Amino acid sequence: MKELENPIWTALAGAQSHLARPAGAALRFPSDIAPFAAVAEADVALDDAALALIGADTYFLGALPQVAPGWRLKELGAVLQMVYQGGALAAPPAAAICELAADDPGMQELTALAFPGYFRPRTGELGRYIGLRQAGRLIALSGERMDLGRWREVSAVCTHPEHAGRGYARLLVSHIMQGMLEQGVTPMLHVGAANARARALYESMGFAPTRELRHAQLTK
């Protein structure tokens, strides 16, 4: 599963190549879709011109490049990658789940509470996103982000703090996973390596850890 070792590159060089923007030896998503860039292998050198095209406050996951003077890769906490190995999925009440439009403003509002800066105005174009609403307000979310061909990333899993602990994440993730499996695609995801609670949830749903990936933010 070498493709999983460098997931952003795999996505941008493959199934999501139509979104790839070249920057020297790197590829990146448009900044209004996702704040990620990638290189084919670790320690690839990126000069000032390439880095300017990538832009500050962009993230690398897995293979980290060498950057030109004046730029810095600020390493963040390691990210744990997990891949679905099989098992029964929860059966959420379909009537309670809503399909979300790619430009639904509620998605950015909700994700800003959980992981600010990662969900962009057009992130919803990357795949299917579903949620739960209460009194018209989006209170829980899950969806698809990176497409690696044989694998697809479950992403944007979050619940408003006022509604946490009610099993909404499990229900929505199960629903997203079911759609992937029906298409012959294996679900995978990324979670902060220190997030023991989330890891336990995903392990109970049939995910198994595959590796820890380096995670860094490009700054100037």
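Residues numbered from 1 in each chain as written. Predicted model: local features only at pLDDT ≥ 70, side-chain atom pairs only at ≥ 80, totals over all residues. Heavy atoms only, no water.

Draft legend 1. Here's a closer look at the sheet that holds strand S13 (residues 186-192). Reading across the sheet, the seven strands line up as S9-S10-S11-S12-S13-S8-S14 and stay open at both edges, with mixed pairing between neighbours. Edge strands, defined here as strands with exactly one partner in the open sheet, are strand S9 (98-99) and strand S14 (207-213). In the packing of helix H3 (residues 105-114) onto the sheet, the strands contacted are strand S10 (129-134), strand S11 (137-147) and strand S12 (151-159), and the crossing angle to S11 comes to about 85 degrees. (Pairing = 2+ DSSP bridges. Helix = DSSP H or I, 4+ residues; strand = E, 2+ residues; numbered from the N terminus. Contact = heavy atoms within 4.5 Å. Axes fitted to C-alpha atoms, helices over the stretch in contact; angles between N-to-C directions.)

Draft legend 2. View of unusual backbone geometry. The residue Asp57 is not glycine, and still its phi comes out positive at about 65 degrees. With respect to the helices, strands and loops of the structure, Asp57 is situated in the loop between helix H2 (48-54) and strand S5 (58-61). With a relative accessible area of 44%, Asp57 lands in the partly exposed category. Of note in this structure, Ala135 is not a glycine but carries a positive phi near 55 degrees. By the element assignment, Ala135 lies in the loop between S10 and S11. Here Ala135 falls in the exposed class, since its relative accessible area comes to 86%. (Buried < 20%, exposed > 50% of the residue type's maximum accessible area, 1.4 Å probe, protein only.)

Draft legend 3. Just the sheet that holds S5, in detail. The three strands lie next to each other as S5-S15-S7, forming an open sheet whose pairing is antiparallel. Pairing within the sheet leaves two strands with one partner each, and these edge strands are S5 and strand S7 (72-75). On average, each strand axis in the sheet is inclined to that of its neighbour by 35 degrees, with strand direction left out of account. Pairing analysis gives four bridges linking S7 to strand S15 (residues 215-219), with the strands arranged antiparallel. Each residue of the ladder has a partner; that of Lys74, found in S15, is Gln217.

Draft legend 4. Layout of the pattern of salt bridges. Applying the stated criterion across every chain yields a total of 11 salt bridges. Residues Glu125 and Arg122 are paired through a salt bridge, measuring 2.9 Å at the closest nitrogen-oxygen approach. Among the residues examined, Glu125 registers a relative accessible area of 46% and is labelled partly exposed. The class of Arg122 is partly exposed, set by a relative accessible area of 30%. Notably, a salt bridge pairs Arg152 with Glu144, separated by 3.7 Å at the nearest N-O pair. Accessibility classification places Arg152 together with Glu144 in one group, the buried group. One connected set of salt bridges, linked through shared partners, spans Asp32, Arg122 and Glu125. (Salt bridge = Lys/Arg side-chain N within 4 Å of Asp/Glu carboxyl O.)

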